[in-house]
Amino acid sequence: MKNICRSVIAAATIAACSTILPVEGFAANGCGGASWYALRSKTASGERMNPTINTAAHRSLAFGTKLKVTNRKNGRTVVVRVNDRGPFIRGRVLDLSRAAAQNIGMVSSGTAKVCYEVIG
């Protein structure tokens, strides 16, 4: 019985310690697919989506985080502010506003391979 209790305590301690690690620290920089959207609905941050400003959706970075996003195909970059959650399609790391997508030349294709880095 003592061994079982020790195992349960050890497992609980490991689980508690692993949940303390910040998710954002692992997602500060990344590469993957990006898409764009131009709806005028409310974002997860509570603000209204405005397709004419440079914003992005990311799964876990804090709202207000600024990212430098680079289109890997043409090298064009844009700075965006995270104000929404997403994307929810496997392989994609960002959903960009139409303005941001226009700046890096991906509006006509709808998607692009991008890399991003946190700059503020």
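Now for a look at the structure at hand. Not measured: the values here are computed from a predicted model.

Conventions used here
Residues numbered from 1 in each chain as written. Predicted model: local features only at pLDDT ≥ 70, side-chain atom pairs only at ≥ 80, totals over all residues. Heavy atoms only, no water. Buried < 20%, exposed > 50% of the residue type's maximum accessible area, 1.4 Å probe, protein only. Helix = DSSP H or I, 4+ residues; strand = E, 2+ residues; numbered from the N terminus. Pairing = 2+ DSSP bridges. Core = buried A, V, L, I, M, F, W, Y, C linked by side-chain atoms within 4.5 Å. Contact = heavy atoms within 4.5 Å.

Buried residues dominate strand β5 (residues 92-97), accounting for five of its six residues. Looking at chain direction, strand β1 (residues 29-37) and β5 are connected through five bridges and run parallel. By the bridge assignment for β5, Ala34 is matched with Leu94. Where strand β2 (residues 55-57) meets β5, two bridges bridge the pair, whose relative direction is antiparallel. Looking at the pairing, Ala57 lines up with Asp95 of β5.

Our focus in this paragraph is the nonpolar core. Formed by 19 residues in total, the largest nonpolar core has its most connected members in Leu67, Val69, Val80, Leu94, Leu96 and Val114. When contributions to this core are tallied by element, the ones reaching two or more residues are β3 (66-71), β4 (77-84), β5, α3 (98-103) and β6 (111-118). Not counting residues within four places of it along the chain, the set of residues in contact with Val80 comprises Asn54, Thr55, Ala56, Thr65, Lys66, Leu67, Val69, Leu96 and Ala100.

This part takes up the pairing of β3. Both faces of the sheet carry side chains from a regular strand, because those side chains alternate between them. Taking every second residue as pointing to the same face, the buried face of β3 carries Leu67, Val69 and Asn71, while none of Lys66, Lys68 and Thr70 on the other face is buried. Where β3 lies against β4, five bridges are found, and the strand directions are antiparallel. Residue pairing across strands places Leu67 opposite Val80, the latter belonging to β4. The hairpin formed by β3 and β4 contains five residues between the paired strands, and Gly75 there has a positive phi angle of roughly 80 degrees.

These figures capture arrangement, not role.
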